[in-house]
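# Structural features, examined
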Number of protein chains: 2
Amino acid sequence: MKLSRKNLDQRLNHLYDVIIVGGGMGGLSAAIYLQRYRLSCLVIEKGKGRSFWMQDVRNFLGQDPHTPGRDVLNQGQDHFLSLGGDHLRGFVESVEETEDDTFAVNVKVGKQDVTGVTFRSKYLIAASGVIDNLPQLDDMQNVFDYAGYNLHVCMICDGWEMADLKCGLFVNTENAINTAFVLNWFTPYITVFTHGLCEVGAEMRGKLKEYGFPLVETPIARFLGEKHTMTGVELADGSQIELETGLVSMGSQYHNGYLKGLDLTWKGENLVTDSMCRTSHDRIFAVGDLKEGINQVSIAVADGTLAATAIWREIRRASPPRRWQENIVEPIGAVL
Amino acid sequence: MKLSRKNLDQRLNHLYDVIIVGGGMGGLSAAIYLQRYRLSCLVIEKGKGRSFWMQDVRNFLGQDPHTPGRDVLNQGQDHFLSLGGDHLRGFVESVEETEDDTFAVNVKVGKQDVTGVTFRSKYLIAASGVIDNLPQLDDMQNVFDYAGYNLHVCMICDGWEMADLKCGLFVNTENAINTAFVLNWFTPYITVFTHGLCEVGAEMRGKLKEYGFPLVETPIARFLGEKHTMTGVELADGSQIELETGLVSMGSQYHNGYLKGLDLTWKGENLVTDSMCRTSHDRIFAVGDLKEGINQVSIAVADGTLAATAIWREIRRASPPRRWQENIVEPIGAVL
């Protein structure tokens, strides 16, 4: 059921089989599998994750390529609730391992008048993902007007849409400029914008010149365009540059702070996992963008399948076997 | 475009980047990714694969749990064609490696009046999957009336639907009877049917007795029920046994004959692959049920993402880089 401040008391003494932190594609996939494996499961999500912002999920089999990410999320959440799962809107602050080999998951619920509560589980799935950094302008609404439309954040997802268009590549480090030399598979008409956020060395300048990709270091004042179609940028000096599309490559925020008190193996900000999405901790799994690998909806959804299946197998094997208890009327032809 | 005997001549001299054998969930996912990576791709499928028979795809995020498998397949095929991919209904007989490091894929097209044609590609994705063995009765229509409805073939997919119901487990080997000791997680009311296909040793008989699971060795005459709801079986001796659901665990046919002439690493009938679904051959990938792992739609779809992405990376890195060829009017603020 949907938990809120009003009814969450009912679950504070419940030991869940699994708590999933994050209600995006990976978390919901795991949650649906877990409920169908007849395990008890709580999804805690803060809302507005990466896939919530996708205007079109373009490469996920079975979805019309104009399906908004939030439609898939809503469908998944309803499906999970219909299977008897619990769902809470809240922010996970920390996770502690307790002496009886369970997890205490500390959650803040509410925006004003915040309540702190603790839920308990045998297993934990970290599905809290990442969110893309965007250019920080004075008027952020101007950025949100285009981000996820024709100002993209994922080349694998939207390279096709950028094909052979005049494309702005928005970076915040010199290293991120290297994205241009992959993006040019889709379009060679690339202008690189640093927004004044990084120095660019002579070698990189030379490489950009060799490829004919202009480098713009003047900060951006605002994106130009209308109706969610970005048509260029205006710089701080008032000049304008025409564009037909854009790709933001400014790194991501990882929602992994709550895990930092646990003994886990990291590769940068990503959790290292095995082929079943298990982290270096036996009872903690990671799915989707938080783990190493390709950040794609299809991968996160499969991760959910893997983690849920591994957990089910373990809980099942550790449980007493179920026998046919009643006296059986032996069917004709049956040999016991 | 849709290829058929009428127009396939147009493609016989084309060297595809990738030919995908199999148009199921994994093959179509790979195909959509590959076209979106701007690669040229041909899907060859014989039709009526495993997911075609699924009446309800119940655990694939974003789909209503009553979505038939064929709806997802039709959506995926239309999506692929809309991206400019080629699709052919045909049966792949064999694949040969040619001296110039390409593949010759030999296909039979048509049912009567069969035409043999050969297509060429740089890479191959084996996505031809498996099909479940079903009990062979005199009247197979009687089996098809229930298979995929409440006579299931996949415990992970449909265990939830069998929960605490009287369930027939249909096996063809003694080893397959062990499925009962996993299935009892979902329901303990299991009757095992061998259909007279295998001997059952004393140890297994003892274990079944301990669990209270009746063993029926008399051959099945027919399934009982109506409107795709199986309600029991009638045995060859005329006796009837009431059931509420069933699980067939009789192994699968692997559609992998066309690969047997190539030097690949197998584990049983499954292809061994790395984390990107690459087989032991550099330019052959395997996705979905044909490779080792869990047979689930979500996994096959992610496999398609992985294989397509690995192939794209390789082709891209081996291709000449695209530069902005025209003379650039240097934008104000830009430093080349």
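Now for a quick tour of the structure.

Reading the values: the criteria
All residue numbers refer to position in the chain's written sequence, counted from 1. Naming scheme: in the order in which they are written, chains are lettered from A and ligands are numbered from 1. Per-residue local features are limited, in this predicted model, to residues with pLDDT of at least 70; the limit for side-chain atom pairs, both in listing and counting, is 80 or more; totals at the level of whole chains, interfaces and linings are taken over all residues. Excluding hydrogens and water, the side-chain figures rest on all heavy atoms present in the structure. Between the N-to-C directions of two axes lies an angle of 0 to 180 degrees, each axis being a line fitted to C-alpha atoms and, for a helix, fitted only over the stretch in contact. Helix and strand labels come from DSSP, where a helix needs a run of H or I of at least four residues and a strand needs a run of E of at least two; each type is numbered from the N terminus. Geometric relationships in this document are graded by angle, where less than 35 degrees denotes roughly parallel, more than 145 denotes roughly antiparallel, 65 to 115 denotes roughly perpendicular, and other angles denote oblique. By convention, the crossing between two helices is left-handed when the near helix turns anticlockwise from the far helix through less than a right angle, and right-handed when the turn is clockwise. Any two residues whose heavy atoms approach within 4.5 Å at even a single point are treated as in contact. By the convention adopted, Pro, Cys, Tyr, Trp, Phe, Met, Ile, Leu, Val and Ala count as nonpolar, Lys, Arg, Asp and Glu as charged, and the other residues, Gly among them, as polar. Superposition of the copies used a least-squares fit over C-alpha atoms from residues whose pLDDT is at least 70 in both. For every residue, the accessible area obtained with a 1.4 Å probe (protein chains only) is divided by the maximum for its type, and the residue is called buried under 20%, exposed over 50%, and partly exposed between those limits. In this scheme, strands are said to pair when DSSP sees at least two bridges between them. Multiply 1.5 Å by the residue count of a helix minus one, and that product is the helix's expected span. Residues with no salt bridge and a relative accessible area higher than 30% make up the patches, which join like charges within 9 Å and nonpolar side chains (Val, Leu, Ile, Met, Phe, Trp, Tyr) within 5 Å. A 1.4 Å probe and the Shrake-Rupley method give the accessible areas. Residues count as covered only by the protein chains that appear here. For this analysis, a salt bridge means a side-chain nitrogen from Lys or Arg found within 4 Å of a carboxyl oxygen belonging to Asp or Glu. In summary, the charge assignment counts Lys and Arg as positive and Asp and Glu as negative, without counting His or the chain termini. The atom standing in for a charge is NZ when the residue is Lys, CZ when it is Arg, CG when it is Asp and CD when it is Glu. Simply put, the buried area is the total loss of 1.4 Å probe accessible area from both parts when two parts are fitted together. Under the rule applied, a polar contact is a pair of N or O atoms within 3.5 Å (in protein, one hydrogen donor and one hydrogen acceptor; residues adjacent in sequence only if both atoms are side-chain atoms). Only Phe, Tyr and Trp rings take part, Trp by its six-membered ring, and two of them pair if their centres are within 6.5 Å. Stacked means planes under 30 degrees apart, edge-to-face means over 60, and tilted covers everything else.

All right, on to the packing of helix H1 (residues 25-36) of chain A against helix H2 (residues 69-82) of chain A then. Residue and element names in this part refer to chain A. One way to put it is that H1 packs onto H2 with a least axis distance of 9 Å and a crossing angle of 20°. Relative to H2, the element H1 lies roughly parallel. Pair H1 / H2 crosses with left-handed handedness. For the pair formed by H1 and H2, the contact residues are Met25, Leu28, Ala31, Ile32 and Gln35 on the first element and Gly69, Val72, Leu73, Gly76, Gln77, His79 and Phe80 on the second. The residue makeup of the contact of H1 with H2, split by class, is seven nonpolar, five polar and no charged.

With that out of the way, let us pick up the relation of the copies chain B and chain A. By a simple turn and slide, chain B fits onto chain A: the slide is 0.0 Å along the axis, the RMSD is 0.0 Å, and the turn is 180°. The relationship between the two copies is best expressed as a two-fold rotation axis. Taking C-alpha positions as the reference, the residue of chain B nearest the rotation axis is Ala302(B), at 3.0 Å. The overlap is high: 100% of the interface residues of chain B also sit at the interface in chain A, so the same surface is used on both sides.

Glancing now at the pairing of strand S14 (residues 229-235) of chain B. Residue and element names in this part refer to chain B. Burial runs high along S14: five of the seven residues are buried. Where strand S13 (residues 220-226) and S14 come together, six bridges link them in antiparallel fashion. Across the sheet, the residue bridging to glutamate 226 is threonine 229, located in S14. Relative to strand S15 (residues 240-242), S14 is paired through three bridges, and the arrangement is antiparallel. Considered in S15, the bridge of glutamate 234 is made with glutamine 240. Taking the residues that link successive antiparallel strands as the turn, the S14-S15 hairpin has four residues, and the phi of glycine 238 there is positive, at about 90°.

For helix H7 (residues 297-318) of chain A, spanning 22 residues, the distance from its first C-alpha to its last is 32 Å, which sits close to the expected 32 Å at 1.5 Å a residue. Within H7(A), 18 of the 22 residues are buried, which leaves it mostly tucked inside the rest of the structure.

Judged by pairing direction, the sheet is parallel, and its five strands sit side by side in the order S9-S16-S10-S11-S12 (chain A) without closing on themselves. Whereas interior strands pair on both sides, the edge strands pair on one side only; in this sheet they are strand S9 (151-152) and strand S12 (215-216) of chain A.

Before going further, it helps to examine the side chain of Arg50(A). Residue and element names in this part refer to chain A. With respect to the helices and strands, arginine 50 occurs in the loop between strand S3 (41-45) and H2. Using a relative accessible area of 15% as the deciding quantity, one classes arginine 50 as buried. Residues within four places of arginine 50 in sequence aside, it is in contact with Val130, Ile131, Asp132, Val153, Cys154, Asp289 and Asn295.

Taken together, Lys2(A), Lys46(A), Lys48(A), Arg70(A), Arg89(A) and Lys111(A) make up a surface patch of like positive charges. By the secondary structure assignment, Lys2(A) is in strand S1 (residues 2-3).

This paragraph deals with the interface of chain B and chain A. Counting from both sides, the interface comprises 82 residues of chain B and, opposite them, 82 residues of chain A. Taking both partners together, chain B and chain A bury about 7400 Å²; carbon and sulfur atoms supply 64% of that area. Where chain B touches chain A, the interface holds eight salt bridges. Between Arg323(B) and Glu210(A) there is a salt bridge whose closest N-O contact spans 2.7 Å. The interface formed by chain B and chain A includes 32 residue pairs in polar contact (both at pLDDT 80 or more). If you list the elements that add at least two residues to the side of chain B that touches chain A, you get helix H1 (25-36), helix H2 (69-82), helix H4 (155-158), strand S11 (190-193), helix H6 (202-211), strand S12 (215-216) and helix H7 (297-317) of chain B.

With that settled, consider the packing of aromatic side chains. Residues and elements named next belong to chain A. Throughout the structure, instances matching the rule amount to 25 aromatic pairs over all chains. With a centroid separation of 6.3 Å and an interplanar angle of 15°, the aromatic rings of tryptophan 53 and phenylalanine 144 are classed as stacked. Of this pair, tryptophan 53 sits in the loop between S3 and H2 while phenylalanine 144 sits in helix H3 (residues 140-144), placing them 91 residues apart in sequence. The class for phenylalanine 144 is partly exposed, based on a relative accessible area of 40%. Arranged with centres 6.0 Å apart and planes meeting at 25°, the rings of phenylalanine 181 and phenylalanine 213 form a pair that is stacked.

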